[in-house]
Amino acid sequence: NMRIGFTYDLKDDYIKAGFTAEEAAEFDSIITINAVDSAITQMGHTVVRIGNAASLMERLLAGERWDLVFNIAEGVRGSGRESLVPALLDAYKIPYTFSDPLTHAITLNKAITKQILRDSKIPTADFMLVHSADSMPKPKFPYPCFVKPTSEGTGKGITPKSKVYDYGSLVNHARELIMEFKQPVIVEPFLIGREVTVGILGTGESARCAGVMEVSFTDKADSDIHSYYNKEFCEIAAKYDIVDDDFAKLCAKYALEAHKALNIKDACRVDMRADASGEPFIMEINTLPGLMPERSDLVLLCTKAGMKYDDIIENIINSAVLRL
């Protein structure tokens, strides 16, 4: 029996504080908090709900300690927002689930992630990092291009306008995103092939692929991309199927290689898309994958592959305990 602290950002708290639905999109609902709490309790552990980084700081300064912290806190602002809770716990020598501050900071930045993947000879599409729309060079890859914020998740900043067909549209949309999200944008060639998300459980050599799930869009979707709208209304906009063909096996191989190259711990989700020739490329990696029952991609693919929700949480905790 362990005393397990539980850190998270509760969506309702931020909505009450005046955040918009999109600003609070990455935070967790009470449904997720209750489900994770229940799963850990079923394992025989005692759960202590801590909440966000501010609550964690108060409790650490008050002298409170835990055997392990189950951390899904996304953080609020800055390029190190996902690293804040792990860094605080490191300072107090308290072990926690999921990756360390460095890995979270790297994977939150899509450009740096892609540089590491490229150097590790793991396929990722060509890209251009743009700090200012006014001095943007013309891309060296063909149109259509895809434009998105460098450090956002949950489809934030991604709309049908993200797919651009000429330089003028590219400059205009890049300018809008840089102004709105106060960060650089990343520009890539638009990949027109199959899209999958790959679930990885475990750490290092014990990591394994939990499943490969193909994502396709219905006639209710607002585009053929994983936009903010399509993620928020995934029940009507998207269709999800477990796949196990040669393409899926190749995707699983690359996702596992990325998991190890980036030193990711306990679990992650890797989003991939193929080009016109059917070659898969890693688009981005989520080291704090959503854990909402029946809705989050990692949970969907694990349950479709035969795992129960409680088993997913148990796998994550066992992985953390094993490496500790």
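Okay, so let's go over this structure. Fair warning: this is a prediction, and the values are worked out from it, not measured in the lab. (Residues numbered from 1 in each chain as written. Predicted model: local features only at pLDDT ≥ 70, side-chain atom pairs only at ≥ 80, totals over all residues. Heavy atoms only, no water.)

Section: helix α3 (residues 53–61)
Rules: Summary of the burial criterion: residues with accessible area below 20% of their type's maximum are buried, those above 50% are exposed, and those between are partly exposed, where the area comes from a 1.4 Å probe applied to protein chains only. Counting from the N terminus, the helices are DSSP H or I runs at least four residues long and the strands are E runs at least two residues long. Within this analysis, the arc is defined by the directions that extend from the helix axis to the C-beta atoms. Whether two residues are in contact is decided by their heavy atoms, any of which lying within 4.5 Å being enough. Pairing of N or O atoms within 3.5 Å defines a polar contact, subject to two protein rules: one partner must be a possible hydrogen donor and the other a possible acceptor, and residues neighboring in sequence count only if both atoms are side-chain atoms.
Those residues of α3 not exposed but buried are Ala-53, Leu-56 and Leu-60. Projected down its long axis, α3 shows its buried positions confined to an angular sector of 55°, all on one face. Turned more than 90 degrees from where α3 packs its buried face, Glu-58 and Leu-61 sit exposed. Check the buried side of α3 and you find it contacts β1 (3–7), β2 (46–51) and α4 (84–91). Between the side-chain oxygen at the start of α3 and the backbone nitrogen of Ala-54 there is a gap of 3.3 Å, and the oxygen is on Asn-52.

Side note on the sheet that holds strand β9 (residues 208–217)
As a reminder of what qualifies: Pairing between strands is defined by DSSP: at least two bridges between the two strands are required. Angles shown run from 0 to 180 degrees and are taken between the N-to-C directions of axes, each axis being a line fitted to C-alpha atoms and, for helices, limited to the stretch in contact.
Taking strand neighbours across the sheet as the criterion, the 5 strands line up as β10-β9-β8-β11-β12 in an open arrangement whose pairing is antiparallel. Of all the strands in the sheet, the pair left with one neighbour each is β10 (238–242) and β12 (280–286). Adjacent strand axes in the sheet meet at a mean angle of 30°, parallel and antiparallel pairs treated alike. The pairing of β9 with β10 spans 5 bridges and is antiparallel.

Considering helix α10 (residues 246–261)
What counts is decided by this rule: Expected span of a helix: the number of residues minus one, times 1.5 Å.
Across its 16 residues, α10 extends 23 Å between first and last C-alpha, which sits within 8% of the 22 Å expected from 1.5 Å per residue. When α10 is considered as a whole, its buried residues turn out to be Phe-247, Ala-248, Cys-251, Ala-252, Tyr-254, Ala-255, Ala-258 and His-259. For α10, the secondary structure elements touched by its buried residues are α6 (110–119), β8 (195–201), β9, β11 (267–274) and β12.

Considering the environment of Leu-300
Along the polypeptide, Leu-300 turns up in helix α11 (residues 297–304). Residues Leu-300 and Met-57, spaced 243 residues apart in sequence, show a C-alpha to C-alpha distance of 33 Å. Once residues within four sequence positions are removed from consideration, Leu-300 is found in contact with Met-213, Tyr-240, Glu-294 and Arg-295.

Section: the layout of surface pockets
The cut-off we apply is this: Computed over the protein atoms alone on a 1 Å grid, cavities are sets of points where a 1.4 Å probe fits but cannot get out and pockets are open sets with protein on both sides within 12 Å along at least five of seven lines; a residue lines them when it has an atom within 4 Å of a point. Grid points are joined across faces, edges and corners, and a volume is the space filled by probe spheres set on the points. Residue polarity follows a fixed list, in which Ala, Val, Leu, Ile, Met, Phe, Trp, Tyr, Cys and Pro are nonpolar, Asp, Glu, Lys and Arg are charged, and the others, Gly among them, are polar.
One number sums up the size of the second largest pocket: a volume of about 460 Å³. Together, 20 residues line the second largest pocket, and Glu-23, Val-76, Glu-152, Lys-156 and Phe-181 are the ones closest to its centre. Taken together, the residues of the lining of the second largest pocket break down into 4 nonpolar, 6 polar and 10 charged.

Points about the environment of Gly-75
Tracing the sequence through the fold places Gly-75 in the loop between β3 (68–71) and α4. Accessibility expressed as a relative area gives 15% for Gly-75, which makes it buried. Between the C-alpha atom of Gly-75 and that of Phe-281, which follows or precedes it by 206 residues, the distance is 28 Å.

Here's the deal with the sheet that holds strand β4 (residues 128–130)
Ordered by their spatial adjacency, 4 strands build an open sheet running β4-β7-β5-β6, and the pairing between neighbours is antiparallel. The outermost strands of the open sheet, each flanked by one partner alone, are β4 and β6 (163–164). Of the strands in this sheet, β4, β5 (145–149), β6 and β7 (185–189) touch helix α7 (residues 167–181), which is tilted by about 10° from β5.

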